[in-house]
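Coordinate analysis (summary)
Listed below are the residues making up each chain.
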Amino acid sequence: MISPARLDRDMTAPIPALTPTLRWTGDSVEIIDQTRLPSELCLLDVRDAATAVDAIERLAIRGAPALGAFGALAVVVGFDEAAPRSLDDARSVLERLRTQIGDARPTAVNLRWAIDRTIDTALNASALNTSALNASALNTSDMADTATLRERLLVEALAVGAEDAKACAEIGRLGREVLADATTIATHCNAGRLATAGIGTALATVYAKAAAGDPVRVLASETRPLLQGARLTAWELADAGVDVSVVADGAMASLIAGGDVDAVIVGADRIAANGDTANKVGTFAHALAAADAGIGFYVAAPTTTIDPAMASGDQIVIEHRNPDEIHHAGPSRLTPEGVHAMNPAFDVTPNRLITAIITDAGVLRPPFDEAIAEALRTDLAAQTGNGTC
Ligand code: MRU
């Protein structure tokens, strides 16, 4: 067990090289098992597809961008496990992994997006068959092609994580500017370094403020039933030396109404083309409270969390989890035997309640449909090198 508390850190120094949320070891993916935090910092070595799916389903790894970065690397692990001997075999292995890992959780768009990107880029690389032309025997060419394919999968999977880390840093920089006047910031769930391959999305703003020496204090709502706020946001902020107070979910609205909060910032699991945002269940209530009090309600997310195929939030599939998560807290039963429970894991905050969406492609403001379309166009132009100078 490693103690998380390092509250004496000099916040003007850069964020130290903390244990990464996920890491490619050379032949496996090592993740922090987030189900064990905050009491234990345990690492989990993921070497096969079934373990990867299990880690996603039980939230050992979680948060939309982290799911993307992890899912992409899990495809490589699953490919190595299957050890396909021909290109045809390799293609069918990848199609199996696409859905086996990609559909392990439905709401966070980054998971399936990152897996599709990794597989499709590797398969579509035009040079894939070059070695086949040069090889003398069919078997040799197939083996060379599967090795090339595996190499391309790894390169693309690592790029997903590296790009996410860059996006987080840019979100932090922009978020610090947007929230320049906010000292007490409320957040829900965990949209920090534990939820991304970088320094987080919503919490990147907090880290950027702290690193610059701006005064900042965080109110983290507990986030029933799995307590990502109480366990994870509180753990990582305390670990970084940021002043954090955990607040019961039901207390946040009255604290906001009473003037104790300057701004609310949350992450996102999927943002529709019109700006409607799916995030951890309870986010909607925070947005309503912020609107009623007249304070800013911000969503922070990389452009990879925007799903232009969803015209509006009502099309987003909301994950419903096992009702036992409501019935129990650890080993203790909370509800009377025999009663039912409903456990939607996310809700959708309508765009009218969102002040701005802080992305790595800029700060988007209403009307969101236009701002989002423009941001995605700019992003695509930058990737394909078609941007204007
Ligand atoms: O169920 P979880 O813990 O995966 O839910 C995570 C969230 O709702 C986060 O706010 C979201 O994924 C953004 S993480 C940067």
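A brief structural summary. Quick caveat: nothing in here was measured; it's all calculated off a predicted structure.

Moving on: the sheet that holds strand S9 (residues 277-280). Pairing within the open sheet is mixed, and its four strands lie in the order S11-S8-S9-S14. Edge positions in the sheet fall to strand S11 (306-307) and strand S14 (346-349), since each has one partner strand and no second. Across four bridges, S9 lies against S14 in antiparallel orientation. Counterpart to Ala278 in the pairing with S14 is Val348.

Okay, empty space enclosed by the protein next. As enumerated under the stated definition, the model contains two cavities of 30 Å³ or more in all. Taken as a whole, the largest cavity spans an internal volume of roughly 190 Å³. Looking at the largest cavity, it is lined by 20 residues, and the ones nearest its centre are Arg62, Gly63, Ala64, Asn190 and Asp269. For the lining of the largest cavity, the secondary structure elements donating two or more residues are helix H2 (64-82) and S9. Split into classes, the residues belonging to the lining of the largest cavity amount to eight nonpolar, eight polar and four charged. Taken as a whole, the second largest cavity encloses approximately 40 Å³ of empty space. Arg224, Pro225, Leu226, Gln228, Lys280, Val281, Arg321, Glu325, Asn343 and Ala345 are the residues that line the second largest cavity. Residue classes in the lining of the second largest cavity are distributed as four nonpolar, two polar and four charged.

Backbone torsion omega between Arg224 and Pro225 reads 5°, so that peptide bond is classified as cis. The residue Pro225 is located in the loop between strand S5 (217-221) and helix H8 (228-239) in this model. With an omega of 0°, the peptide bond running from Pro366 to Pro367 counts as cis. Relative to the assigned elements, Pro367 resides in the loop between strand S16 (362-364) and helix H12 (368-384). If you check the backbone angles, Thr223 has positive phi at about 75° while not being a glycine. One can find Thr223 in the loop between S5 and H8.

Cut-offs applied
Residues numbered from 1 in each chain as written. Predicted model: local features only at pLDDT ≥ 70, side-chain atom pairs only at ≥ 80, totals over all residues. Heavy atoms only, no water. Pairing = 2+ DSSP bridges. Helix = DSSP H or I, 4+ residues; strand = E, 2+ residues; numbered from the N terminus. 1 Å grid on protein atoms, 1.4 Å probe; cavity = no way out; pocket = protein on both sides within 12 Å on 5 of 7 lines; lining within 4 Å. Points joined across faces, edges and corners; volume = space filled by probe spheres on them. Nonpolar A, V, L, I, M, F, W, Y, C, P; charged D, E, K, R; others polar.

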